[in-house]
Amino acid sequence: MLATRRNTRITGYVAVGVAVFTLALGGCGGSGGGGSKSGDTGSGSAPTSSATLTAAEVDQVGTVVTDSKGYVLYRFDEDSATPTKVTCYGNCAKLWPAATTTDAKNVTVKGVDKKLVSTVERSDGTTQITLAGRPLYRYAKDDEPKEAHGQGVDGTWFAATPTGAKAQDGSGSSSNGY
């Protein structure tokens, strides 16, 4: 009788653990938030009235673009540059909030060619900043300015260089590294 109760309790704990793990994976789009392309259009970020894109040196990825607070900005390979197309919505946008502005004309640059900077309207009506046609994002797991924990996530997320290209890691090839 005692063994039966213990086995039932253990089985219950395992079932709860599996359920929590499954929900966690489903909520973040896999290991790095690939993309939820569902109808949920949450952008995951509050637009700012103005934005600044700055070229900054970041350990392990080189010179990349940061926002006005010094956080690394990323590009997503599933988006397109020509024409500009945003694909990160819903759960994806919770992990990868869009770099947005409420004034497309008021995006300032430091070390980034202004001609490469533009915006695109997201399906939720917010205005996302683009670089060389590619929408830009923050990574929710970057806790401090100049962290690049999103570099190489899922083989589709890369810090953006001042030209809009993918940043490379110290060995010259893109990788997660975290």
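Calculation notes
Residues numbered from 1 in each chain as written. Predicted model: local features only at pLDDT ≥ 70, side-chain atom pairs only at ≥ 80, totals over all residues. Heavy atoms only, no water. Helix = DSSP H or I, 4+ residues; strand = E, 2+ residues; numbered from the N terminus. Buried < 20%, exposed > 50% of the residue type's maximum accessible area, 1.4 Å probe, protein only. Contact = heavy atoms within 4.5 Å. Areas by Shrake-Rupley, 256 points an atom, 1.4 Å probe, with all protein chains shown as cover. Pairing = 2+ DSSP bridges. Axes fitted to C-alpha atoms, helices over the stretch in contact; angles between N-to-C directions. Phe/Tyr/Trp six-rings, centres within 6.5 Å; stacked < 30°, edge-to-face > 60°. Polar contact = N/O pair within 3.5 Å; in protein donor to acceptor, adjacent residues only side chain to side chain. Core = buried A, V, L, I, M, F, W, Y, C linked by side-chain atoms within 4.5 Å.

## Concerning the overall build of the protein chain
Part 1 of the argument: A count of helices and strands for the protein chain gives two helices and 11 strands.
Part 2 of the argument: For the protein chain, the α and β elements follow one another from N to C terminus as α-β-β-β-β-β-α-β-β-β-β-β-β.
Part 3 of the argument: Taking all 178 residues of the protein chain together, 40% fall into the buried category.
Part 4 of the argument: A separation threshold of at least 6 residues defines the contact pool for the protein chain, and within that pool the share at least 24 residues apart is 70%.
Part 5 of the argument: Entry remark: accessible area of the protein chain is about 9,100 Å², with carbon and sulfur atoms responsible for 56%.

## Some points on the sheet that holds strand β2 (residues 62-66)
Part 1 of the argument: If you trace the three strands from one edge of the open sheet to the other, you get β2-β1-β7, paired in mixed fashion. Each end of this open sheet is capped by a strand with a single partner; those strands are β2 and β7 (107-110). Direction aside, the axes of adjacent strands within the sheet are offset by 20° on average.
Part 2 of the argument: Pairing of strand β1 (residues 51-58) with β2, which is carried by five bridges, proceeds in the antiparallel orientation. In the strand pairing of β2, T54 is matched with T66.

## Looking at the environment of D59
Part 1 of the argument: Mapped onto the secondary structure, D59 falls in the loop between β1 and β2.
Part 2 of the argument: With relative accessibility at 66%, the residue D59 sits in the exposed group.
Part 3 of the argument: Placed 89 residues apart in sequence, D59 and A148 show a C-alpha to C-alpha distance of 8.1 Å.

## Structural notes on the packing of aromatic side chains
Part 1 of the argument: Applying the stated criterion across every chain, the model contains six aromatic pairs.
Part 2 of the argument: For the pair W96 and Y139, a centre-to-centre distance of 4.1 Å together with 25° between the ring planes defines the contact as stacked. Pair noted here: W96 is in the loop between α2 (91-95) and β6 (100-101) and Y139 is in the loop between β10 (134-135) and β11 (157-159), with a separation of 43 residues, a long-range link.
Part 3 of the argument: Since its relative accessible area comes to 0%, W96 is described here as buried.
Part 4 of the argument: Judged by relative accessible area, which is 4%, Y139 ranks as buried.
Part 5 of the argument: Both rings, one in Y137 and one in W157, keep their centres 5.1 Å apart while their planes meet at 85°; by these two values the pair is edge-to-face. Taken together, the residues Y137 in the loop between β10 and β11 and W157 in strand β11 connect sequence positions 20 residues apart.
Part 6 of the argument: The exposure class of Y137 is buried, given its relative accessible area of 0%.
Part 7 of the argument: Here a set of aromatic residues connected by ring pairs shows up, and it is made of Y74, F76, W96, Y137, Y139 and W157.

## Regarding the environment of T101
Part 1 of the argument: Summarising the element assignment, T101 is placed in strand β6.
Part 2 of the argument: Looking at T101, its side chain comes within polar contact range of the main-chain nitrogen of D103, at 3.2 Å.

## Concerning the nonpolar core
Part 1 of the argument: Membership of the largest hydrophobic core comes to 22 residues, with the highest contact counts inside it found for V64, V72, Y74, C88, W96, Y137 and W157.
Part 2 of the argument: Every element with two or more residues in this core is listed here: β3 (74-76), α2 and β11.
Part 3 of the argument: No other element matches α2, which puts three residues into this core.
Part 4 of the argument: Filtering out sequence-adjacent residues up to four positions away, V64 remains in contact with T54, A55, A56, V58, V72, A159, A160, T161, P162 and A167.
Part 5 of the argument: Listed in part, the 12 residues of the second largest apolar core include A99, V117, L131 and L136.

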